[in-house]
Amino acid sequence: MTSPTPTPDRRLFGPGPSNPYPEAVAGLNRPILGHLDPDFLAIMDDTCAMLRTVWGTENSRTLPLSATGSAGMEAAFVNTVGPGDVAVIAVNGLFGERMCDVAARCGADVVRVDHDWGQPIDPQRVADAHPSPKVIAAVHAETSTGVRSDIAALGRLKGDALLITDAVTSIGGIELAADDWGIDVGYAGSQKCLGVPPGLAPFTINDRAFARRIEHPQSWYLDLGLLGGYVGEASARHAGRTYHHTAPTGMIASLHDGLARILAEGLPAVWARHAEAGHILQDGLEKLGLELFAAQGFRLPELTTVKVPEGVDSAAVRSELLTRYNIEIGAGAGAYASTVWRIGLMGHNARPDAALLILAALAEILGR
Ligand SMILES: *Cc1c(COP(=O)(O)O)cnc(C)c1O
């Protein structure tokens with residue numbers, strides 16, 4: 001007989017997953033229900049209603065996809081672009097690059113608008129890249145660089161195109177207003193600022209985008225037309241719900257309880273808490289003599305990128321943080337893998353004490 005391997009009690013200060021809210025963890029302990037049980041469907045409806053609030057949308061088609069944020073990205077493109085459709089994609093980091101790959105696999109004619117990593121996107125340049133794209137896509141909070149871009153400005157310039165927005169690292173952490181900003185299709189993830197374990201992708205699509213969707217997308221699993229029959233519009237309530245796939249009912253209960261916790265605190269208070277924690281961390285890193293990577297004025301409070309000091313072994317510091325302090329932080333992304341660290345203070349971790357803990361540990365290690 002072997003006993004279960006003990007799991008170390010890590011502080012997840014990387015680019016996600018973050019330590020979930022205790023309420024979201026408690027939600028995992030609820031009895032597992034069937035995916036067509038009326039009691040579960042009530043939890044699902046409630047979850048979709050709370051997701052509308054955190055998205056800032058009235059879209060009836062707002063639901064948690066049964067997969068991670070990347071599946072949300074895949075669903076956004078596979079349902080909106082097919083062979084020959086023009087997709088203008090703003091790229092200022094790894095996740096913009098991933099969008100290009102996903103859209104190209106759908107057969108889209110990808111017009112890629114590159115920006116320097118560490119800088120926000122330039123909405124005018126993106127809008128001017130093509131006269132009549134079917135979709136324009138951008139990442140709101142680039143987790144690879146720690147940069148926030150102005151999605152509202154892009155929404156004002158989108159013309160007739162559908163605006164796809166990656167809100168994986170912004171939802172539940174900084175202001176997000178899908179309807180006011182003109183977001184037609186948005187996807188997110190459960191495990192970053194929403195403070196829920198990984199496994200679900202909150203998704204929203206408005207009527208305009210749904211009417212212009214690909215009728216028979218190549219993905220059966222992510223076909224929003226089919227999914228609508230199960231998750232259903234709010235008005236459909238429970239009648240006529242049909243089986244599509246087995247919804248991860250335990251995860252959805254966890255998301256439900258995490259969202260309820262966020263809304264009980266209130267979104268403005270949650271955003272202010274993220275802003276404060278990020279400010280303490282960024283200020284403290286500069287006081288330690290470190291240099292921040294993301295452009296000033298566009299820094300995300302929930303994800304801080306900091307340059308690894310000259311002569312310091314980036315991986316050795318991360319490994320010591322993990323083994324000595326039980327703290328996980330992220331390496332840099334892409335070309336910055338060994339020259340930048342990524343420190344997340346998301347969801348439950350967006351607190352002053354978490355900021356001070358990582359600052360103290362870094363100061364101790366770098367001081368030696
Ligand atoms: C994490 C992340 C993703 C991918 O989400 P997964 O849950 O890892 O599949 C996409 N976009 C951004 C901006 C992210 O931070």
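- Under an unreviewed UniProt entry, the name given to the protein chain is Alanine--glyoxylate aminotransferase family protein, and the source organism is Microlunatus elymi.

**Description of the domain arrangement of the protein chain**
Phase 1: We note that the domain assignment places domain 1 (11–17 + 267–367) and domain 2 (22–264) within the protein chain.
Phase 2: Placing a centre on the C-alpha atoms of domain 1 and another on those of domain 2 gives a separation of 26 Å.
Phase 3: A combined buried area of about 2,200 Å² lies between domain 1 and domain 2, and 68% of that area is made up of carbon and sulfur atoms.
Phase 4: Looking only at domain 1, the three residues that lose the most surface to domain 2 are Leu 267, Trp 271 and Leu 300, adding up to 26% of its buried area.
Phase 5: Scanning the region where domain 1 abuts domain 2 turns up zero salt bridges.

**Focus: the site of the ligand**
Phase 1: In the vicinity of the ligand there are 13 residues, among which Thr 68, Ser 70, Thr 143, Asp 166 and Lys 192 approach most closely.
Phase 2: At a separation of 2.7 Å, an oxygen atom of the ligand approaches a polar side-chain atom of Lys 192.
Phase 3: Coverage of the ligand by the protein chains reaches 90% of its 380 Å² of free accessible surface.
Phase 4: Looking at the shell around the ligand, the elements with two or more residues in it are helix H3 (69–78) and helix H4 (94–105).
Phase 5: Residue classes in the shell around the ligand are distributed as four nonpolar, six polar and three charged.

**Examining a nonpolar patch on the surface**
Phase 1: There is a patch of nonpolar side chains on the surface, built from Trp 220, Tyr 221 and Leu 226 and spanning about 300 Å² of accessible area.
Phase 2: By secondary structure assignment, the location of Trp 220 is in the loop between helix H8 (207–211) and helix H9 (224–231).

**Structural notes on the environment of Arg 112**
Phase 1: Within the element layout of this structure, Arg 112 appears in strand E4 (residues 109–114).
Phase 2: Sequence separation between Arg 112 and Met 99 is 13 residues; the distance between their C-alpha atoms is 9.7 Å.
Phase 3: In this view, Arg 112 contacts Ile 89, Val 91, Glu 97 and Cys 100; residues no more than four positions away in its chain are not counted.
Phase 4: A distance of 3.3 Å separates a polar atom in the side chain of Arg 112 from a polar atom in the side chain of Glu 97.

**Some details on the sheet that holds strand E13 (residues 330–331)**
Phase 1: Spatially, the three strands line up as an open sheet ordered E11-E14-E13, and their pairing is antiparallel. Two strands close off the open sheet at either side, each with one partner strand: strand E11 (303–307) and E13.
Phase 2: The sheet contact formed by E11 and strand E14 (residues 340–344) spans five bridges and is antiparallel. Paired with Thr 305 across the strands is Arg 342, a residue of E14.

**Notes on the packing of aromatic side chains**
Phase 1: According to the stated counting rule, one finds two aromatic pairs in the structure shown.
Phase 2: Ring centres of Phe 293 and Tyr 336 lie 4.8 Å apart, and the angle between their planes is 55 degrees; on these two criteria the pair is classed as tilted. Placement of the pair is Phe 293 in the loop between helix H11 (267–287) and E11 and Tyr 336 in the loop between E13 and E14, with a sequence separation of 43 residues.
Phase 3: You can call Tyr 336 partly exposed: its relative accessible area is 29%.
Phase 4: Three or more aromatic residues joined by ring pairs make a cluster, and in this case those are Trp 117, Phe 293 and Tyr 336.

**Overview of the pairing of strand E10 (residues 201–205)**
Phase 1: In terms of burial, E10 is largely enclosed, as five of its five residues are buried.
Phase 2: In E10, alternate side chains face the same way, and those of Ala 201, Phe 203 and Ile 205 on one face and Pro 202 and Thr 204 on the other are all buried.
Phase 3: Strand direction decides the pairing type here: strand E2 (residues 61–65) and E10, joined by five bridges, are antiparallel. If you follow Leu 65 over to E10, its bridge partner there is Ala 201.
Phase 4: Direction of pairing for strand E9 (residues 185–187) relative to E10: antiparallel, over a ladder of three bridges. Bridge pairing in E10 places Gly 186 opposite Thr 204.

Cut-off values and rules
Residues numbered from 1 in each chain as written. Predicted model: local features only at pLDDT ≥ 70, side-chain atom pairs only at ≥ 80, totals over all residues. Heavy atoms only, no water. Domains from an automatic or database assignment. Buried area = accessible area lost by both parts, 1.4 Å probe. Salt bridge = Lys/Arg side-chain N within 4 Å of Asp/Glu carboxyl O. Near = heavy atom within 4 Å. Polar contact = N/O pair within 3.5 Å; in protein donor to acceptor, adjacent residues only side chain to side chain. Areas by Shrake-Rupley, 256 points an atom, 1.4 Å probe, with all protein chains shown as cover. Helix = DSSP H or I, 4+ residues; strand = E, 2+ residues; numbered from the N terminus. Nonpolar A, V, L, I, M, F, W, Y, C, P; charged D, E, K, R; others polar. Patch = residues over 30% accessible without salt bridge, like charges linked within 9 Å, V, L, I, M, F, W, Y side chains within 5 Å. Contact = heavy atoms within 4.5 Å. Pairing = 2+ DSSP bridges. Phe/Tyr/Trp six-rings, centres within 6.5 Å; stacked < 30°, edge-to-face > 60°. Buried < 20%, exposed > 50% of the residue type's maximum accessible area, 1.4 Å probe, protein only.

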